[in-house]
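# Structure assessment
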Amino acid sequence: MGDLSGKSVVVTGGGTGIGAACAKRLAADGAAVTICGRTEDRLVKVADQIRADGGKVQHVVADVTVEDDVARLVAAAVDFGGGLTGFVANAGGGGGMGPYHLQDTNEFLRVLHLNVLGTMLSVKHSVPHMVAAGGGSFIGMSSLAGHVTHLWFGAYTVSKAGIEAMMRNAADEYGPVNVRFNTIRPGFITTEIMEGIPRGGEVWNSYIEQTPLPAGVGEPEDVANLAKFLISDESKWITGQEIGVDGGHTLRRGPDFTSFIEPAIGRDALLAKKPVGQ
């Protein structure tokens, strides 16, 4: 893989999980990395680890749904790295699990804002700087859930599919100025979020049974390896693509979280056969 010396890259959501792994991998290969998140102590911990390994990193406390924060983040990265050539829009999350007829509207919008608006603001404020640098690479972070059904995931599936559509359109729009846009689709990855799924339970097994490769579960570093390639010049002829890091899970069907939801509201309410509580 290509050396990243001289590249300046932002990684949002860089304090935990996939974002932290991406930041560590990019810095280890020579990039000047700016990580951001909303919780400073997590960012400091990751930044200290990167520096201890000889990497160049800074952290910025920022919320990707707040435009002023994103503008400040990008400005800091440009100053730190002498420009901007890469962006890993990893910040995101889910919430509000349940069938659509029971979705809380405000929670639905919160997830859309976090995943879709946060990615759009990252594109908006980073692209001019990558154009000024002569080109760059932007990575949107989707999910297996953006491609195959995930029962009861509410706004999350919609938002991840929206990120993929945004990256394809951006790839077409900014190709003439040499800014590339690709999407990574992680599958079942051992992050802090997935720790809430009991090993060996129905939901856990519904992931494992639909994954062709024998390991069944991926590591954050598996995603980071692809992010590093997409930021590097070795991927200079790749744009507008969605690439899965999922052990082949997208060849089959998504997981089933019914056992998380049904006990709380009942089967009839889950399928809109009667109001909740009756």
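Residues numbered from 1 in each chain as written. Predicted model: local features only at pLDDT ≥ 70, side-chain atom pairs only at ≥ 80, totals over all residues. Heavy atoms only, no water.

### A short note on the overall build of the protein
- Secondary structure summary: the protein contains 9 helices and 7 strands in total.
- Here the C-alpha atoms of the protein give a radius of gyration of 19 Å, agreeing with the 19 Å that 2.2 N^0.38 yields for 278 residues.
- Oriented by its inertia axes, the alpha-carbon framework of the protein measures out at about 60 × 40 × 40 Å.
- Among the 278 residues that make up the protein, the fraction classed as buried is 51%.
- In the protein, the proportion of contacts linking residues at least 24 apart, taken out of those at least 6 apart, comes to 73%.
- Both charge centroids of the protein, one from 23 positive and one from 30 negative side chains, sit 2 Å from each other. (Helix = DSSP H or I, 4+ residues; strand = E, 2+ residues; numbered from the N terminus. Rg over C-alpha atoms; globule rule 2.2 N^0.38 Å. Buried < 20%, exposed > 50% of the residue type's maximum accessible area, 1.4 Å probe, protein only. Contact = heavy atoms within 4.5 Å. Lys, Arg positive; Asp, Glu negative; His and termini not counted. Charge placed at Lys NZ, Arg CZ, Asp CG, Glu CD.)

### Some thoughts on unusual backbone geometry
- The phi angle at Asn-178 is positive, at roughly 65 degrees, despite the residue not being glycine.
- By the secondary structure assignment, Asn-178 is in the loop between helix 5 (155–174) and strand 6 (179–186).
- A positive phi angle is found at Ala-272, which is not glycine, with a value near 60 degrees.
- Locating Ala-272 in the fold gives a position in the segment after helix 9 (267–270).

### Brief notes about the environment of Ala-89
- Tracing the sequence through the fold places Ala-89 in strand 4 (residues 86–89).
- A residue is classified by how much of its surface remains accessible, and Ala-89, at 3% relative accessible area, is buried.
- Sequence separation between Ala-89 and Val-123 is 34 residues, and the spatial gap between their C-alpha atoms is 8.6 Å.
- Leaving out residues up to four positions away in the same chain, Ala-89 has contacts with Thr-12, Thr-119, Phe-138, Ile-139, Gly-140 and Met-141.

### A few points about the sheet that holds strand 7 (residues 242–245)
- In spatial order, the strands read 3-2-1-4-5-6-7; together these 7 strands make up an open sheet with parallel pairing. A strand with exactly one partner marks an edge of an open sheet, and here the two such strands are strand 3 (56–61) and strand 7. Ignoring strand direction, the axes of neighbouring strands in this sheet form an average angle of 20 degrees.
- Inspection of the sheet shows strand 2 (residues 32–37) paired to strand 3 by 6 bridges, in the parallel sense. Paired with Cys-36 across the two strands is Val-60, which belongs to strand 3.
- Packing against the sheet, helix 1 (residues 17–28) makes contact with strand 1 (8–12), strand 2, strand 3, strand 4, strand 5 (136–141) and strand 6, and its axis sits at approximately 165 degrees to strand 1.
- Sheet contacts for helix 4 (residues 105–132): strand 4, strand 5 and strand 6; angle to strand 5, the most-contacted strand, approximately 170 degrees. (Pairing = 2+ DSSP bridges. Axes fitted to C-alpha atoms, helices over the stretch in contact; angles between N-to-C directions.)

### With respect to the pairing of strand 5
- Most of strand 5 is tucked away, with 6 of its 6 residues classed as buried.
- Here strand 5 shows two buried faces, one formed by Gly-136, Phe-138 and Gly-140 and the other by Ser-137, Ile-139 and Met-141.
- For strand 4 and strand 5, the ladder comprises 4 bridges, and the chain directions are parallel. Within the sheet, the bridge partner assigned to Gly-86 lies in strand 5 and is Ser-137.
- Traced from strand 4 through helix 4 to strand 5, the parallel crossover comes out right-handed.
- Where strand 5 lies against strand 6, 6 bridges are found, and the strand directions are parallel. The partner of Ile-139 across the bridge, within strand 6, is Asn-182.
- Regarding topology, helix 5 serves as the crossover connection from strand 5 to the parallel strand 6, and that connection is right-handed. (Right-handed = clockwise from strand over helix to strand, strands pointing away.)

### Side note on the pairing of strand 1
- The buried fraction of strand 1 amounts to 5 of the 5 residues, a majority that puts the element mostly inside the structure.
- Neither face of strand 1 is exposed, since Ser-8, Val-10 and Thr-12 on one face and Val-9 and Val-11 on the opposite face are all buried.
- By the bridge criterion, 5 bridges tie strand 1 to strand 2 in an arrangement that is parallel. Counterpart to Val-11 in the pairing with strand 2 is Ile-35.
- In the classification by handedness, the crossover that spans strand 1, the intervening helix 1 and the parallel strand 2 is right-handed.
- Judged from the 3 bridges that link them, strand 1 and strand 4 form a sheet pairing that is parallel. Bridging from a neighbouring strand, Val-9 pairs with Gly-86 of strand 4.

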